[in-house]
Amino acid sequence: MLDFHKAVSDYRFLMERGYPEKASLKLIGDRYRLSKIRRNCLFRGVVDSETALDRKRKIVPLKKAEASTVGVDWYNTLITVESYLKGCPLFIADDGIVRDSAGIHGSYRESKVTEKAVNEVIKHLINLKPNRLDIFIDSPVSYSGVMGEKIRSKLKNTITGKYSVQIVPSADYPLKRYKGIVASSDSVILDSAVTIIDLPRYVLEYCFNYIPPAVENLNLP
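The structure displayed is predicted, hence computed values, not measured ones.

**With respect to the side chain of Ser 164**
Inference 1: Relative to the elements of secondary structure, Ser 164 occurs in strand S5 (residues 162–168).
Inference 2: For Ser 164, the side chain forms a polar contact with the side chain of Gln 166, separated by 3.1 Å.

As structure tokens, then:
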């Protein structure tokens, strides 16, 4: 853990000075002989202070979602909750957003914890009581259409506001231009968003009574 803490400090030093992310990750990862998971945590968890502060300023309390318009990066949110249920490391990044260490979005497959994760995310979205809810599902992920139908079925007759479940080539595109509150941990989306809610953190805290540690405090294998 001590070496990882040093790696975080060194990588953050390079990010503060504007060094390229990938080159810096390779340099620090090789120097400390970091595993793939530890490198993922560095890459997803550490940003320069200006970027971190800008994103933190956009995060709004959950109560702001009530009677508001909310757009959800579905697989981004679901994978984070599933990662917790699988026992994978989660952490709070420098920008204040919860992220997982898996980095499996492109190769996502449903698992034995998927149904529980879906149910908890949907339940908490309903509890937010948005005026309008827009869920965006990435079509390249296997069985995305089936997932969309599952979500529509769970929302039908249970959510008070208007809603849509859209299968799209990439959730990034509509969410980068979204005018309402955005639920995502994708850096590209966060940098374009006006306001943000950390939906996985809400689910983890209120359903499982769990708050992840800061990235530098991770106890990794």
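**Quick word on the sheet that holds strand S4 (residues 132–138)**
Inference 1: Pairing in this open sheet of five strands is parallel, and the strands run S5-S4-S1-S6-S7 from one edge to the other. Looking at the sheet topology across the chains shown, the edges are occupied by S5 and strand S7 (195–197). In this sheet, neighbouring strand axes are inclined to one another by 25° on average, regardless of whether the strands run parallel or antiparallel.
Inference 2: Sitting on the sheet, helix H7 (residues 144–155) is in contact with S4 and S5, with an inclination near 175° to S5.

**Observations regarding the layout of surface pockets**
Inference 1: In this structure, the second largest pocket spans a volume of roughly 170 Å³.
Inference 2: Around the second largest pocket, the lining residues are Ile 59, Val 60, Pro 61, Leu 62, Ile 197, Asp 198, Arg 201, Tyr 202, Glu 205 and Tyr 206.
Inference 3: In terms of residue count, the dominant contributor to the lining of the second largest pocket is helix H10 (residues 199–208) (four residues).
Inference 4: Tallied by class, residues from the lining of the second largest pocket come to seven nonpolar, no polar and three charged.

**Here we look at the side chain of Ser 184**
Inference 1: Note on placement: Ser 184 falls in the loop between strand S6 (181–183) and helix H9 (187–192).
Inference 2: The class for Ser 184 is buried, based on a relative accessible area of 6%.
Inference 3: Here Asp 73 takes part through its side chain, which lies 2.9 Å from a polar atom of the side chain of Ser 184.
Inference 4: One polar contact links the side chain of Ser 184 to the main-chain amide nitrogen of Asp 186, over a distance of 3.0 Å.

Rules and cut-offs
Residues numbered from 1 in each chain as written. Predicted model: local features only at pLDDT ≥ 70, side-chain atom pairs only at ≥ 80, totals over all residues. Heavy atoms only, no water. Helix = DSSP H or I, 4+ residues; strand = E, 2+ residues; numbered from the N terminus. Polar contact = N/O pair within 3.5 Å; in protein donor to acceptor, adjacent residues only side chain to side chain. Pairing = 2+ DSSP bridges. Axes fitted to C-alpha atoms, helices over the stretch in contact; angles between N-to-C directions. Contact = heavy atoms within 4.5 Å. 1 Å grid on protein atoms, 1.4 Å probe; cavity = no way out; pocket = protein on both sides within 12 Å on 5 of 7 lines; lining within 4 Å. Points joined across faces, edges and corners; volume = space filled by probe spheres on them. Nonpolar A, V, L, I, M, F, W, Y, C, P; charged D, E, K, R; others polar. Buried < 20%, exposed > 50% of the residue type's maximum accessible area, 1.4 Å probe, protein only.

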